[in-house]
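Analysis of the macromolecular model
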Amino acid sequence: MAEEQMVTFSLGSEEFGVDIMKVQEIIRIPPITRVPKARSYIEGVINLRGNVIPIVNLRSRFGMLAAEETDLSRIVVLQIDGRVFGIRVDSVTEVLWLDSEAIEPPPPIALGMDSNYIRGVGKIGERLLILLKLDQLISGDGMNEQIA
């Protein structure tokens, strides 16, 4: 029985999960420098120990309403195919193991967001965890050029 280790985080009332092997680190939100003419979901860039990395606002990317930053807000720094970028989330929930048999394919009507970003839905008791396709998150509509 295969298991996957996930980092889970929340955006509003929804809970999402990403493969822990793609997570470089989780940080508090530092000052973010806006970048002129960047896509609307690119919030700006940060200086992470001398490296400038773009920050994606997942609420904006998924068409959700904006929310104020709280003490729980975090940036999850990810590394996908050698590219490092951060995603802004409302809070990081936990790290957990998810049995691969508990993962269902994404529903045809994908919870109000583009199903191209959803790898599946994990069931943890009564909780549902939306598993993201991180490669799709950065490959669509020119974002690769924005974070290259």
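Residues numbered from 1 in each chain as written. Predicted model: local features only at pLDDT ≥ 70, side-chain atom pairs only at ≥ 80, totals over all residues. Heavy atoms only, no water.

As annotated in an unreviewed UniProt entry, the protein chain carries the name Chemotaxis protein CheW and comes from Dehalobacter restrictus.

Let's shift gears to the overall build of the protein chain. On a plain count of helices and strands, the protein chain comes out with three helices and eleven strands. Split into buried and exposed, the 148 residues of the protein chain put 43% on the buried side. Across the protein chain, the fraction of contacts at a sequence separation of at least 24, relative to all contacts at a separation of at least 6, is 57%. Summing over all exposed atoms, the protein chain offers an accessible surface of approximately 8,200 Å²; the carbon and sulfur share of this is 50%. (Helix = DSSP H or I, 4+ residues; strand = E, 2+ residues; numbered from the N terminus. Buried < 20%, exposed > 50% of the residue type's maximum accessible area, 1.4 Å probe, protein only. Contact = heavy atoms within 4.5 Å. Areas by Shrake-Rupley, 256 points an atom, 1.4 Å probe, with all protein chains shown as cover.)

As summarised here, the arrangement of the five strands in space is β3-β6-β7-β5-β4, forming an open sheet in which the pairing is mixed. The open sheet terminates on both sides in strands that have one partner only, identified here as β3 (23-28) and β4 (42-48). Neighbour-to-neighbour, the strand axes of this sheet turn through a mean angle of 30°, independent of strand direction. Pairing between β3 and strand β6 (residues 74-80): five bridges, direction antiparallel. Counted as the bridge partner of E25 is V77 from β6. (Pairing = 2+ DSSP bridges. Axes fitted to C-alpha atoms, helices over the stretch in contact; angles between N-to-C directions.)

Looking at the largest pocket, its volume works out to about 150 Å³. Along its surface, the largest pocket is lined by 13 residues, and N57, R59, A67, R88 and D90 are the ones closest to its centre. Class assignment for the residues of the lining of the largest pocket results in five nonpolar, two polar and six charged. (1 Å grid on protein atoms, 1.4 Å probe; cavity = no way out; pocket = protein on both sides within 12 Å on 5 of 7 lines; lining within 4 Å. Points joined across faces, edges and corners; volume = space filled by probe spheres on them. Nonpolar A, V, L, I, M, F, W, Y, C, P; charged D, E, K, R; others polar.)

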